[in-house]
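One-letter residues, chain by chain:
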Amino acid sequence: LIQLFVPLNVLGFVYREIKQALIDMEHMFGLMDEPREVEDPADAPDLAVAGGEVRFEGVRFDYDGKRPILKGLDFTVPAGRTLAIVGPSGAGKSTIARLLFRFYDVTDGAIRIDGQDIRTVSQASLRRAIGIVPQDTVLFNDTIGYNIAYGRPDADPETIAEAAQLAQIAPFVEQLPDGYDTMVGERGLKLSGGEKQRVAIARTIVKDPPILLLDEATSALDTHTERDIQAALERVSQGRTTLMVAHRLSTVVGADEILVLDRGEIVERGRHAELLARNGVYAAMWQRQQTAADDAGDASTADAPA
Ligand code: ADP
Ligand code: MG
């Protein structure tokens, strides 16, 4: 029995890993039109975005009907503001993003955008309203211009170049012999992690969504690149409702609200200075990162538990 059980168990694990990878890929590629685990109600109207206020009301969620992952979350991100979510690995940060994008439905409570329960509107309209900059972008085997325009195929060259400029990838592209027609991806020019992330940012600028989801995870990037990307992300998030999962606390200092999530619960919330003054979990995380940064001799090399 053991012999049978172990491989099955491994298979189960592999299956879950693959499924997670697929979910992440969906995020990256924005494959948004196919029905998933959630369905549109008949004749679901499109989401009508006013300012893009995001509200979680008593949100509970589990993946398996057993283990609660989110245990009753209440928060509001006012239109155009930035909410940062920090906390240890496994706390449920990415789950919040998946629920907002409606890869799953909440088990209890509701998520509303400008007052509309996201279960009542068409998924296509919901996903059009949300731009995602994932931690690890996979590019299509196509031109860099196509990769930037993806999501708005009608984008003209000026729009693409402008987005590239804002995302700070334009100088790189323009020195390539074929410029925006350069083939990238598996069979083309290999881009570095930072370059790919800039392409993802440019893509989001072209898409021009009122709501942004950032899983910043710039920890794989070198310090200099990380600062550039951070600056580009800040520019993109101007005037958009932004939810960012932050791995380095240095990037949440300016957020309008910070949620410290632990095991599916908000254990602290407030602005950076308030949380430092409280001298609790957040302050301890901050201290740890500062110490790590001092040891490494550079503030931005410190890394929070992801
Ligand atoms: P974080 O982003 O804060 O690290 P996640 O939201 O990814 O955390 O995960 C929260 C919890 O949910 C973890 O315990 C994780 O194992 C579990 N989990 C994540 N995705 C799935 C899934 N697809 N099926 C079952 N459990 C999952
Ligand atoms: Mg995560």
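First, a word on what this report is: a plain description of the structure on this page. This is a predicted model, so every value here is computed, not measured.

1. A short note on the sheet that holds strand β6 (residues 130–133)
Next up, step 1: Taken together, six strands build an open sheet; the order of strands is β6-β7-β8-β3-β9-β10 and the sheet is mixed. If you trace the sheet from one side to the other, it starts and ends with β6 and β10 (265–270), each paired once. Averaged over neighbouring strand pairs, the angle between their axes works out to 20° when direction is ignored.
Next up, step 2: As paired strands, strand β3 (residues 82–86) and strand β8 (residues 241–245) are joined by four bridges and run parallel to one another. Of the residues in β8, the one forming a bridge with Thr-82 is Thr-242.
Next up, step 3: Packed onto the sheet, helix α7 (residues 193–207) meets β6 and β7 (211–215) and runs at close to 170° relative to β6.

2. Quick look at the packing of helix α5 (residues 157–166) against α7
Next up, step 1: Packing of α5 against α7 brings their axes to within 8 Å, and their N-to-C directions diverge by 130°. Here α5 lies oblique to α7, going by the angle between them. Relative to α7, the crossing made by α5 is right-handed. Between α5 and α7, the contacting residues are Thr-159, Ala-163, Ala-164 and Leu-166 on the first element and Ala-202, Ile-205 and Val-206 on the second.

3. Thoughts on the sheet that holds strand β1 (residues 54–62)
The strands making up a sheet associate through hydrogen bonds between their backbones, and the pairing can be parallel or antiparallel.
Next up, step 1: Strand order across the open sheet formed by four strands is β2-β1-β4-β5, with antiparallel pairing between neighbours. Of all the strands in the sheet, just β2 (68–77) and β5 (116–117) have a single pairing partner and so form its edges.
Next up, step 2: Here five bridges tie β1 to strand β4 (residues 108–113), and the two strands are oriented antiparallel to one another. Within β4, the residue paired with Val-54 across the bridge is Ile-113.

4. Thoughts on α7
At 3.6 residues per turn, the α-helix brings residues three or four places apart onto the same side.
Next up, step 1: Across its 15 residues, α7 extends 21 Å between first and last C-alpha, which sits within 8% of the 21 Å expected from 1.5 Å per residue.
Next up, step 2: Counted residue by residue, α7 has 12 buried out of 15 residues, so it is predominantly covered.
Next up, step 3: Directly after α7, the chain includes Asp-208, whose backbone phi takes a positive value near 55°.

What counts, and where the lines are drawn
Residues numbered from 1 in each chain as written. Chains lettered and ligands numbered in written order. Predicted model: local features only at pLDDT ≥ 70, side-chain atom pairs only at ≥ 80, totals over all residues. Heavy atoms only, no water. Pairing = 2+ DSSP bridges. Helix = DSSP H or I, 4+ residues; strand = E, 2+ residues; numbered from the N terminus. Axes fitted to C-alpha atoms, helices over the stretch in contact; angles between N-to-C directions. Contact = heavy atoms within 4.5 Å. Parallel < 35°, antiparallel > 145°, perpendicular 65-115°, else oblique. Left-handed = near helix turned anticlockwise from the far one by under 90°. Expected span 1.5 Å × (residues − 1). Buried < 20%, exposed > 50% of the residue type's maximum accessible area, 1.4 Å probe, protein only.

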